[in-house]
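Descriptive structure summary
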Amino acid sequence: MLRLSPSWRLSVVWSASSGPIFLLPLHFGSYFNKIVIFFGDFLATTLTSTAIGQTIRFADGPGGNSGGEFRARIAGVTPHFTAPLAGSAPGGSGGSEFMTFCIELGEFLDFSNAFDYSLGSSSIGGGVGGGSPDLLAQQSAYLYRLFATGSLSSYDYTGGTRANSANALQALFWTIEGEVTYNSTNGEFRRSDNNALVGTLSAAEQGLYTTWNSLAFSNTEDYGVRVVNATLNNNNAQSVLVLIPLPPAAWAGIGTLGGLAVLGSVRRRRNERAGV
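**Points about the overall build of the chain**
Looking only at helices and strands, the chain features five helices and 13 strands. For the chain, the residues scored as buried account for 47% of the 276 residues in total.

Here it is as structure tokens:
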């Protein structure tokens, strides 16, 4: 049994988007930090993905380099998406439409199938960077929230260069999530596992990438953004982003215990990011 000194305290703060979060003071020492990290991985696996029992469909949208934007139709949840839609509508009927980006290389989606999905704070299985589950970075969440609400500065939502905006933002998501390494000299971004070329940003796209990468964000806020982990015939497919500002009660279980995962997984993830 682990015995804690009476002088140790567990602090609780409330996040409007994720409910209560437990914070441990730094003077706990390295021994207890290791325990926090262990349980963080466990909780991220078991508590941050919720099966919905509904489906999501995709259609192509602006952008290239085998990435987003993608137009999606999802049933079972109601995304908060106020930016203009683009591209063809996905197949099927019902549900709600939104635009999204993928966050993993090495996984697939198509424009014909209806995918089952789970909803959580991490991508599950696949990808070439991070583990499984791979907790979504706060920077990615912040940028997607700005995009989904139509408030990402310099993003061409309605003009003729929306594809350029999409290329830059997709490359930035992949970089943040550890899927690619980005060369600011020539605009190339390559897979982080084998250095294979994924794509090259134009000079204008590089400017957008740099601008958005410099935006300030909070390391303690998830911004209401969740990961849609799609599956097809019980096989992992692509993971994409959605903005769903759920009421705190809906995520109370995740918020209460998942705060431990934040301490371990986010700290570990930030250390990994420093080496990208």
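That shown, we press on.
**Focus: the pattern of salt bridges**
For the structure on display, the rule yields six salt bridges. One salt bridge connects Glu97 with Arg73, and the closest N-O pair in it is separated by 3.3 Å. Placement of the pair is Glu97 in strand β5 (residues 96-100) and Arg73 in strand β4 (residues 70-74), with a sequence separation of 24 residues. According to the relative accessible area criterion, Arg73 is buried, its value standing at 14%.

**Concerning the nonpolar core**
Core analysis: the largest hydrophobic core is formed by 58 residues, its most contacted members being Ile56, Tyr144, Phe147, Leu152, Tyr155, Leu169 and Trp212. Excluding residues within four positions of it along the chain, Tyr144 makes contact with Phe81, Phe98, Met99, Thr100, Phe101, Phe173, Val225, Leu241, Val242 and Leu243.

**Notes on the environment of Asp156**
Mapped onto the elements of the fold, Asp156 is located in the loop between α2 (138-148) and α3 (162-176). Asp156 sits in the buried class, given a relative accessible area of 18%. As for Asp156 and Ala166, which are separated by ten residues in sequence, their C-alpha atoms are 8.7 Å apart. If we ignore the near neighbours within four places in the chain, the residues touching Asp156 are Thr161, Arg162 and Ser165. A polar atom in the side chain of Asp156 sits 3.4 Å from the backbone nitrogen of Gly160.

**As for the sheet that holds strand β10 (residues 188-191)**
In space, the three strands of this open sheet follow the order β9-β10-β11, with antiparallel pairing throughout. The sheet is open, and its two edges are formed by β9 (180-182) and β11 (197-200), each paired on a single side. On average, each strand axis in the sheet is tilted by 20° relative to the strand beside it, whichever way the strands run. Looking at chain direction, β10 and β11 are connected through three bridges and run antiparallel. Residue pairing across strands places Arg190 opposite Leu197, the latter belonging to β11. Across the sheet, α3 is in contact with β9, β10 and β11; its angle to β9 comes to roughly 115°.

**Concerning unusual backbone geometry**
Glycine aside, the phi torsion of most residues is negative, and most peptide linkages are trans. The amide bond that connects Gly68 to the next residue, Glu69, takes the cis arrangement and shows omega of 20°. Residue placement: Glu69 occurs in the loop between β3 (49-60) and β4. A cis geometry characterises the amide bond from Ser132 onward to Pro133, with omega recorded as 5°. The topology assignment puts Pro133 in the loop between β7 (122-123) and β8 (134-135). The phi dihedral of Ser154 falls on the positive side, at around 75°, and the residue is not glycine. You can see Ser154 is positioned in the loop between α2 and α3. Its relative accessible area of 54% is what places Ser154 among the exposed residues. Even without being a glycine, Asn195 presents a positive backbone phi close to 65°. Here Asn195 is to be found in the loop between β10 and β11. A residue is classified by how much of its surface remains accessible, and Asn195, at 46% relative accessible area, is partly exposed.

How each quantity is defined
- Residues numbered from 1 in each chain as written.
- Predicted model: local features only at pLDDT ≥ 70, side-chain atom pairs only at ≥ 80, totals over all residues.
- Heavy atoms only, no water.
- Helix = DSSP H or I, 4+ residues; strand = E, 2+ residues; numbered from the N terminus.
- Buried < 20%, exposed > 50% of the residue type's maximum accessible area, 1.4 Å probe, protein only.
- Salt bridge = Lys/Arg side-chain N within 4 Å of Asp/Glu carboxyl O.
- Core = buried A, V, L, I, M, F, W, Y, C linked by side-chain atoms within 4.5 Å.
- Contact = heavy atoms within 4.5 Å.
- Polar contact = N/O pair within 3.5 Å; in protein donor to acceptor, adjacent residues only side chain to side chain.
- Pairing = 2+ DSSP bridges.
- Axes fitted to C-alpha atoms, helices over the stretch in contact; angles between N-to-C directions.

Purely spatial values, then, with no claim about function.
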